[in-house]
Amino acid sequence: MTTEVSDSLTAEITQATGALNDLRLQNADAASIDAAKKRLGELKKSMAAMNSAGGSKDAGKKKERLLLKTAKVCSSAHCDHTLLNGTQGTRDYGAAEMFCREHVERIVKDVFTSYGGSALDTPVFERKDVLAGKYGEDQKLIFDLMDQGGEQLALRYDHTVPLARYLAMAGATVQAKIWQVGKVYRRDNPVMSKGRMREFSQADLDITGAWDPMIPDAEIISLLCTILTKLDVGEFTIKLNHRKILDGIFEVCGVPQDKIRSISSAVDKLDKLPWLEVKKEMTEEKGLSSDVADKIGEYVKHKGGPSLLDLLKADATLMANLSAKQGISDMDILFTLLRAYKVLDKISFDMSLARGLDYYTGIIYEAIVEASAPPALSSNATESPAPAPPKPKPSKKAKVDDNEEDEVDESQVGVGSIAAGGRYDNLVGMFTAAAAAEGKKAPGLPCIGVSIGLDRIFAIVWPKWVEKGMRSKETMVYVLAAGDGLLEERITLVQELREAGIKTDFLAKRKPKLTAQFMAGEKDEVPFAVILGGDELKEGLVTVKEQKWEFVDGKKTKVQSADQGMKVRRDELISWIKQTPTYQGWSSGRLI
């Protein structure tokens, strides 16, 4: 009893939190939001009271009374539904949503293969020591596991490290374009409406092996631009930087070697925080002097295109640093190649881009859209002259339980980057070195890749699909029978159409009513209804009725028509359907 009610209450708190965030996103009236907050607060108080009950006899009795009281409240049908809530940071996708997701995934995979990629699949979990030490400050986001034998395991954080492990096992000699699509896991604070979850899908393409300078790098950026152009994400920008330029800047500004990675992680937050807050983290949390932080600020505020290279080349102090000089030379070659790929207009050379992962060694990049940044953060957040605005006082109450997670106001959170990546020339070598005998030279393998956040892209594309009234199935024909059911005749025709490549369905009833069959086909918005009649079949005919849908007052409805359909010879039905503009115009989700 105790465990069941506690679990039910936990699920209801999760549901109430989601309902509150939905109201905020919908800009609901203050009364509705206050009511939702009050409801959530009451539930959390009940949970806190249960958790605070001690082990004494009296306390135990008090807790039992509270549980019984809560059980009565949660015995309604509403509370029973909360038992079916999913795990925090995960979600289910219905048929219509999956149709949209599969559409996005198909485009990504088609571009991967058109650029010469081959598929790879790696396990969803790895030995923990495979993942450890690769992610910098994000190490804490790894999901730990332990199998029954006590082996320390972890869910994969990305596709890159498992790929590097695979390449090392293959002898670090693979020269190829390799793509992967699958789930990855991070113990992060989820923001579900923005596609930021604990379980999410990523699509990666990596180019492995030694090639001429910057050609694979430009190829990857071209691939990313192609994918985002094909997807309905709106205007996008590819932010570029070079890890060697950034490291050179840190060195000439006076950052100690042992602080370069941690300062890089702080700079990486400039897309989410104003400069003064990032500077505060550098100085107060990471011990950097204020003068050094100000010097860094003068560099990282710059962004632009190829002309920014001229500004950096004119900086004698920076060009005297070997790391920065090499990075600037690489970027010079890259911009020449990107001009040939005709994607230069999509590029922003952004000196504040850092990418916090430890394994990057060269060019780094990320793709952003209008929805990427938090609403409150201006585009000039990296500029230092403006003072940081005062932080608003939190509207939520203090935590009543140390295990309770902060509420997240989803309306004040951006989607973030929708794709990112970079060059990692030493990661494979880390694995081969660990496996090599002492004193034996371990081979390395240069690599560069990109990771595309499919859930973040879905969060952008899905509302547009709903607005346009996109279908949730590809069924093109629904076969119906008038009169006696004609089950065998329906099945025979359905199979003929399917074998001809026409997606077809029918109602799995022996003698269904005609209205029930029409309703089933209309539910899936099937454009062709093929009606069989006993007398018509004897004449070698079927009736075909084409159906259309439209938006009326923001609602999608079937276009009413007095047309009773047209007679088509049964042996010519397949060619007739394939010659119609409706069939020829169909392209995965584009039919309204």
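Parameters at a glance
Residues numbered from 1 in each chain as written. Predicted model: local features only at pLDDT ≥ 70, side-chain atom pairs only at ≥ 80, totals over all residues. Heavy atoms only, no water. Helix = DSSP H or I, 4+ residues; strand = E, 2+ residues; numbered from the N terminus. Buried < 20%, exposed > 50% of the residue type's maximum accessible area, 1.4 Å probe, protein only. Areas by Shrake-Rupley, 256 points an atom, 1.4 Å probe, with all protein chains shown as cover. Axes fitted to C-alpha atoms, helices over the stretch in contact; angles between N-to-C directions. Parallel < 35°, antiparallel > 145°, perpendicular 65-115°, else oblique. Left-handed = near helix turned anticlockwise from the far one by under 90°. Contact = heavy atoms within 4.5 Å. Pairing = 2+ DSSP bridges. Salt bridge = Lys/Arg side-chain N within 4 Å of Asp/Glu carboxyl O. pLDDT = per-residue confidence, 0-100. Phe/Tyr/Trp six-rings, centres within 6.5 Å; stacked < 30°, edge-to-face > 60°.

1. Here's the deal with the overall build of the protein
Tallying secondary structure elements over the protein gives 22 helices and 19 strands in all. For the protein, the residues scored as buried account for 46% of the 592 residues in total. Working note: accessible area of the protein is about 29900 Å², and carbon and sulfur atoms make up 52% of it.

2. Some details on the packing of helix α7 (residues 160-169) against helix α16 (residues 427-435)
Running from N to C, α7 and α16 point in directions that differ by 50°, and their axes come no closer than 8 Å. Between α7 and α16, the interaxial angle falls into the category oblique. In the crossing of α7 with α16, the sense of the turn from one axis to the other is right-handed. Here α7 contributes Thr160, Val161, Ala164, Arg165, Leu167 and Ala168 to the contact with α16, which in turn contributes Leu427, Val428, Phe431 and Thr432.

3. Description of the sheet that holds strand β15 (residues 528-532)
One open sheet holds the 5 strands; their spatial order is β14-β13-β15-β16-β19, and the pairing between them is mixed. A single partner strand is all that each edge strand has here, and the edge strands are β14 (504-506) and β19 (566-569). For this sheet the average axis-to-axis angle between neighbouring strands, irrespective of direction, equals 35°. Sheet topology places β15 next to strand β16 (residues 541-546); 4 bridges connect them, and they run antiparallel. Residue Ile531 lies in a different strand from β16, and its bridge partner there is Thr543. Each of β13 (477-481), β15 and β16 touches helix α19 (residues 514-523); the most contacted strand, β13, lies at about 175° to it.

4. Quick word on the sheet that holds strand β11 (residues 419-423)
Strands sit in the order β1-β5-β6-β12-β11-β10-β7-β9-β8 across an open sheet of 9 strands; the sheet is mixed. Both outer strands of the open sheet, β1 (118-119) and β8 (303-304), are each paired with one neighbouring strand and no more. Pairing analysis gives 4 bridges linking strand β10 (residues 363-369) to β11, with the strands arranged antiparallel. Its bridge partner lying in β11, Tyr365 is registered against Gly421. Against the sheet, helix α8 (residues 215-230) makes contact with β5 (176-185), β6 (199-208), β7 (236-242), β9 (347-350), β10, β11 and β12 (447-453), and its axis sits at roughly 15° relative to β12, the strand it touches most. Strands in contact with helix α9 (residues 243-253) are β7, β9 and β10; relative to β7, the strand with the most contacts, it is inclined by about 55°.

5. Thoughts on the pattern of salt bridges
What the rule picks out here adds up to 33 salt bridges. As a salt-bridge pair, Lys473 and Asp524 come within 3.1 Å of each other at their nearest N and O atoms. Pair noted here: Lys473 is in the loop between α17 (454-468) and β13 and Asp524 is in the loop between α19 and β15, with a separation of 51 residues, a long-range link. Take Lys473: its relative accessible area is 33%, and that puts it in the partly exposed class.

6. Things to note about the confidence of the model for the protein
Averaged over every residue, the pLDDT of the protein is 83; the share at 70 or more is 81%. Counting contacts from residues 66-78, a segment whose pLDDT is below 50, to residues more than four positions away or on other chains yields 20 contacts. In the model, residues 378-405 has pLDDT below 50 throughout and makes 32 contacts with residues more than four positions away in sequence or in other chains.

7. What to know about the packing of aromatic side chains
This structure, assessed with the given rule, holds 10 aromatic pairs. Here the aromatic rings of Phe99 and Trp465 are separated by 6.1 Å at their centres, their planes lie at 75°, and the arrangement is edge-to-face. Of the two residues, Phe99 is situated in helix α5 (residues 95-114) and Trp465 in helix α17; the sequence distance between them amounts to 366 residues. Exposure remark for Phe99: the relative accessible area of 5% places this residue in the buried category. Here the aromatic rings of Tyr135 and Tyr157 are separated by 4.2 Å at their centres, their planes lie at 35°, and the arrangement is tilted.

8. Section: α16
Turning to α16, its buried residues number three or more, namely Leu427, Val428, Gly429, Phe431 and Thr432. The inward-facing, buried residues of α16 contact α6 (128-131), α7 and β12.

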